[in-house]
Amino acid sequence: MKTFTLPGTQLTVPNVVLGLMRIQEKTDEEVRTLVKTARDAGISFFDHADVYGSALHGCETRFAEAMQLTSSEREQVVLQTKAGIVREGPYFDFSYEHIIESVDGSLAALGTDYIDILLLHRPDALVEPDEVARAFDELSAAGKVRSFGVSNHTPGQIELLRKSVSQPIVANQLQLSVTHAPLVAQGVAANMQALDQSVSRDSGTLDYCRLNDITVQAWSPFQAGFFTGVFLGSPEYPELNAVIDRLAAQYDVPAIAIATAWITRHPAQMQVVLGTTSPERVAGAALGSDVPLTRAEWYEMFRAAGYTVP
């Protein structure tokens, strides 16, 4: 498992993360098996959010109940959580009061004294950067949160936050897979008239993150689109799956590892956020971290996914 120092922090992190958004109904043993499989594969980074689960802080609570981490065990893992979504609306709330309340709830649910990384969960159109800064300053000074980031934010939205926020923005969690790759695809087809792929929909988010040492965390790495099902084995992607299957045989790994490798091969040092609750898929996906796809293989997958390479 490849690791790197997360810019803006002192954390050494793996480039594969286990997201725990679907463990609410899992037994203690199922949660422990899932986490142990991840740890055995080199994954020590666990992603949460206050809204994950059937109840507020539900998955965070389930994780803590099942794992019962000792203080020494807690120091060996990175816990990330998110705040900002009010799902009863649904709407977004980046107010000082909501951020503080959410973090205090996550700390209690996770049974920990600190959160390694807090992300703002999607952009809030009504954000007031000074409110966010006040919350971040208080949480940092109290030792409750050690690092801060965002999810699904554009460069302009991050710059607006940075106008007031003094802490580094260390991560931006964004949807990315080989079949959902506008972050990457637009740049490849820049300035090509009448080609939809050339249209910028994110103001150069990937390049902005690289320029500003913000780690991209790729969520839904195996989804064909926005929760439209996985592309692996899908009859809608026969050419892509034929390439993936051939590369999987060549590198002697499962197909899911090749889907991971397409993301981790990118020089931006992205993290792949796995959302599965299958230990087998976690172990298989983690193998992709060490698969050294060549440029030719990377671009072959890109083309097979339906993107234009001029």
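Look above for the structure.
Here we summarise the structure given alongside this text.

Rules used in this analysis
Here, residues in each chain are numbered from 1, in the same order as that chain's written sequence. Local features in a predicted model are, by the rule used here, given only for residues with pLDDT of at least 70; side-chain atom pairs are given and counted only at 80 or more, and totals for whole chains, interfaces and linings are based on all residues. Hydrogen atoms and water are omitted, and side-chain values are computed over all heavy atoms in the structure. Only protein chains enter the area calculation, which uses a 1.4 Å probe; residues under 20% of their type maximum are buried, those over 50% are exposed, and those in between are partly exposed. Helix and strand definitions follow DSSP, with helices as H or I runs of at least four residues and strands as E runs of at least two, each counted in order from the N terminus. Between any two strands, at least two bridges found by DSSP are needed for them to pair. Any two residues having at least one pair of non-hydrogen atoms within 4.5 Å are treated as being in contact. What counts as a salt bridge is simple: a side-chain nitrogen of Lys or Arg found within 4 Å of a carboxyl oxygen of Asp or Glu.

A few words on the pairing of strand β11 (residues 215–219). Across the five residues that make up β11, a large majority, five, are buried. On β11, burial covers both faces: Thr215, Gln217 and Trp219 on one face and Val216 and Ala218 on the other are all buried. Pairing between strand β10 (residues 169–175) and β11: five bridges, direction parallel. What sits directly across from Leu174, in β11, is Ala218. Bridging between β11 and strand β12 (residues 271–274) involves three bridges; their strand directions are parallel. Following the sheet pairing, Gln217 is matched in β12 by Gln271.

A few words on the environment of Ala268. Of note, Ala268 is situated in the loop between α10 (255–264) and β12. Residue class for Ala268 comes out buried when judged on its relative accessible area of 18%. Placed 54 residues apart in sequence, Ala268 and Ile214 show a C-alpha to C-alpha distance of 9.3 Å. Among all residues touching Ala268, those that are not within four sequence positions of it are Leu206 and Arg210.

As a working rule, side chains carrying opposite charge can pair if their charged atoms are close by. Taken as a whole, this structure holds eleven salt bridges when the rule is applied. With its nearest N and O atoms 3.6 Å apart, the salt bridge here joins Glu29 to Arg32. Within this pair, Glu29 and its partner Arg32 are both found in helix α1 (residues 28–40), separated by three residues, close to a single helical turn. When its relative accessible area of 35% is taken as the criterion, Arg32 is described as partly exposed. We note a salt bridge from Lys36 to Asp40, for which the minimum N-O separation is 2.8 Å. With Lys36 and Asp40 both in helix α1 and four residues apart, this pair spans about one turn of that helix.

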